[in-house]
Amino acid sequence: MLISDFEYDLPQSLIAQEPLPYRENSRMLVIDRVSHSFRDDAFLNFTHFLREGDVVVVNNTRVLPARLLGRSETQAKIEIFLVEEIEEKVWLTLARPARRLKDGKTIFFGDKLTAEVLEKTTDGKVIVRFDAAGDFDDILHHVGKTPLPPYIKREATTVDTDRERYQTIYATNRGAIAAPTAGLHFTPDIIKKIENAGASLTEITLHVGYGTFEPVRVNELSRHRVSPERYEISDTAAEILNNARSEKRRIIAVGTTSLRILESAVALDGQLASFAGDTNIFIQPGYKFRAIDGLITNFHLPRSTLFMLVSALAGLETMQNAYAHAITARYRFYSYGDASLIWP
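Residues take numbers from 1 onward in each chain, read along the sequence in its written order. Reporting of local features is limited, given that this is a predicted model, to residues whose pLDDT is at least 70; pairs of side-chain atoms are given and counted only at 80 or more, and all residues count toward the totals for whole chains, interfaces and linings. Processing note: side-chain calculations cover all non-hydrogen atoms of the structure and skip hydrogens and water entirely.

Student: Quick question: what am I supposed to make of the sheet that holds strand 15 (residues 275-279) here?
Tutor: Paired through backbone hydrogen bonds, the strands of a sheet run either parallel or antiparallel to each other. Taken together, the nine strands give an open sheet; going across it, the order is 2-1-17-16-14-3-12-13-15, and neighbouring strands pair in mixed fashion. Among the strands making up the open sheet, the edge pair consists of strand 2 (38-42) and strand 15. Each neighbouring strand pair of the sheet contributes to a mean axis angle of 25°, computed without reference to strand direction. Strand pairing follows a simple DSSP-based rule, namely that at least 2 bridges must link the two strands. Elements are defined by DSSP. Helices are runs of H or I of four residues or more, strands are runs of E of two residues or more, and each kind is numbered from the N terminus. Two elements, strand 3 (residues 55-59) and strand 14 (residues 251-254), share three bridges in a ladder whose sense is parallel. Bridge pairing links valine 56 to isoleucine 252 in strand 14. Every residue pair with non-hydrogen atoms within 4.5 Å of one another is taken to be in contact. Angles run from 0 to 180 degrees between N-to-C directions of axes, and those axes are lines fitted to C-alpha atoms, restricted for helices to the stretch in contact. Sheet strands in contact with helix 7 (residues 305-314) are strand 1 (27-32), strand 16 (294-298) and strand 17 (339-343), and its direction is about 150° off that of strand 16. The strands touched by helix 8 (residues 316-328) are strand 1, strand 2, strand 16 and strand 17; relative to strand 1, the strand with the most contacts, the crossing angle is about 155°.

What follows is the structure, encoded as structure tokens:
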């Protein structure tokens with residue numbers, strides 16, 4: 001397939017710039033995988049679709065304050081975005097302006113954190129080594145800012161207003177540079193309603209990295225490769241999921257990251273193994289799903305691997321029609337936007 005097959009036009013006014021006052025008040029477009037139809041609903045009604053024994057799978061990764069604003073030795077402004085920890089305190093980063101960063105140069109982030117430039121990679125990233133006057137994670141928490149996608153454009157403020165809202169309420173396992181945004185709609189009350197429906201919530205982990213958002217730079221999808229991201233399924237989670245599978249109970253993934261973990265870990269016989277390691281799975285139309293029965297997710301960028309993933313699940317034409325309806329109905333798009341439920 002071609003990258004152009006996954007294009008659509010979105011008015012800039014529909015890209016959500018702020019979260020709603022209340023997490024659970026988003027709209028929800030319900031997309032039926034069998035009839036290829038869709039209808040408008042509300043996320044508050046998500047639990048109405050559940051039945052006893054369903055397992056709702058969430059990604060409990062926690063977003064790092066991965067955006068660092070500093071100054072060079074000549075007091076020039078430098079912005080660093082953490083991409084991946086290579087070893088302790090050595091990070092692969094995106095930096096701007098990268099032309100100012102020569103090997104051996106030092107970047108200062110306040111008086112307790114510095115970074116030495118080690119090298120530039122062939123694809124334009126910068127590898128740095130941090131030196132912290134104290135615990136690195138604690139200092140990062142204080143000097144770092146919440147990394148937001150580039151399509152969220154706001155005036156800069158001294159207060160990090162996204163620190164709480166660009167984080168799921170069950171985020172515990174720190175390591176992501178972006179939130180698993182389908183989970184942003186969940187509240188303690190929603191989780192209680194899941195339990196009241198006789199369903200259960202199971203946590204797994206994928207540390208969302210640059211690979212999730214890396215643009216597809218080739219015309220033929222068969223030539224695209226996704227950068228690896230770390231994931232983990234515990235023994236307990238694997239047992240819960242395998243029991244559900246053997247008893248023919250449904251598994252609903254919250255977000256494309258949860259889905260990618262499950263599809264990475266599932267064997268040909270449908271069993272899921274506990275695992276801690278990397279995945280670079282790339283799901284596109286033609287993929288045969290083995291681990292999930294439904295997906296709740298936000299609306300994704302055109303030409304993105306995530307739009308390809310949902311098109312693989314529901315069908316490209318169905319998703320094109322559903323997105324066209326969402327645009328006409330003025331749904332809110334992307335990270336702080338509304339939800340869709342791909343069902344059953």
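Student: Please explain helix 5 (residues 235-246) as it appears in this structure.
Tutor: Think of an α-helix as turning once every 3.6 residues; residues three or four places apart then point the same way. Expected span of a helix: the number of residues minus one, times 1.5 Å. With 12 residues, helix 5 extends 16 Å from end C-alpha to end C-alpha; this agrees with the ideal 16 Å at 1.5 Å per step. Inspection of helix 5 places Ala237, Ala238, Leu241, Asn242, Ala244 and Arg245 among the buried residues, and these make up the whole buried set. Viewed end-on, helix 5 has its buried residues packed into an arc of 155°, placing them on one side of the element. Opposite the buried face of helix 5, at more than 90 degrees from it, the exposed residues are Asp235, Thr236, Glu239 and Ser246. Residues of helix 5 that are buried in the fold lie against strand 3, strand 12 (200-206), strand 13 (229-233), strand 14 and helix 6 (256-265). Backbone geometry just after helix 5 places lysine 248 at a positive phi near 60°. Each residue gets one of three labels from its accessible area relative to the maximum for its type: buried under 20%, exposed over 50%, partly exposed in between, using a 1.4 Å probe on protein chains only. The directions from the helix axis to the C-beta atoms form the arc being described.

Student: Even after reading the chapter, I still don't get the side chain of aspartate 41, so can you show me in this structure?
Tutor: Topologically, aspartate 41 is positioned in strand 2. Residues adjacent in sequence count toward polar contacts only when both atoms are side-chain atoms; beyond that, a polar contact is any pair of N or O atoms within 3.5 Å, and within protein one must be able to donate a hydrogen and the other to accept it. A distance of 2.7 Å separates the side chain of aspartate 41 from the side chain of asparagine 45, its partner in a polar contact. What aspartate 41 contacts, discounting residues up to four positions off in sequence, is Arg27, Met28, Val30, Phe49 and Tyr331.

Student: Sorry if this is basic, but what is going on with a negative patch on the surface here?
Tutor: Any residue with relative accessible area above 30% and no salt bridge may belong to a patch, with like charges joined within 9 Å and the nonpolar Val, Leu, Ile, Met, Phe, Trp and Tyr side chains within 5 Å. Throughout, the Shrake-Rupley method with a 1.4 Å probe supplies accessible areas, and for residues the shown protein chains are the sole cover considered. The term salt bridge refers to a side-chain nitrogen of Lys or Arg lying within 4 Å of a carboxyl oxygen of Asp or Glu. Charged residues are defined here as Lys and Arg on the positive side and Asp and Glu on the negative side; His and the ends of the chain fall outside this count. To locate a charge, the coordinates of NZ of Lys, CZ of Arg, CG of Asp or CD of Glu are taken. The grouping of Glu85, Glu87, Glu88, Asp135, Asp137 and Asp138 at the surface amounts to a negative patch. Listing elements by their share of the negative patch, those giving two or more residues are strand 6 (77-87) and helix 1 (136-143). Tracing the chain through its elements places glutamate 87 in strand 6.

Student: What is the right way to read the pattern of salt bridges from this model?
Tutor: Note that side chains of opposite charge can pair when their charged atoms are close. Tallied over the full model, the rule gives 15 salt bridges. Among the salt bridges present, the one from arginine 23 reaches glutamate 164, with a minimum N-O distance of 3.4 Å. With arginine 23 in the segment before strand 1 and glutamate 164 in helix 2 (residues 162-165), this pair connects stretches of sequence that are 141 residues apart. Among the ionic pairs, glutamate 247 bridges to arginine 249, the shortest N-O distance being 2.8 Å.

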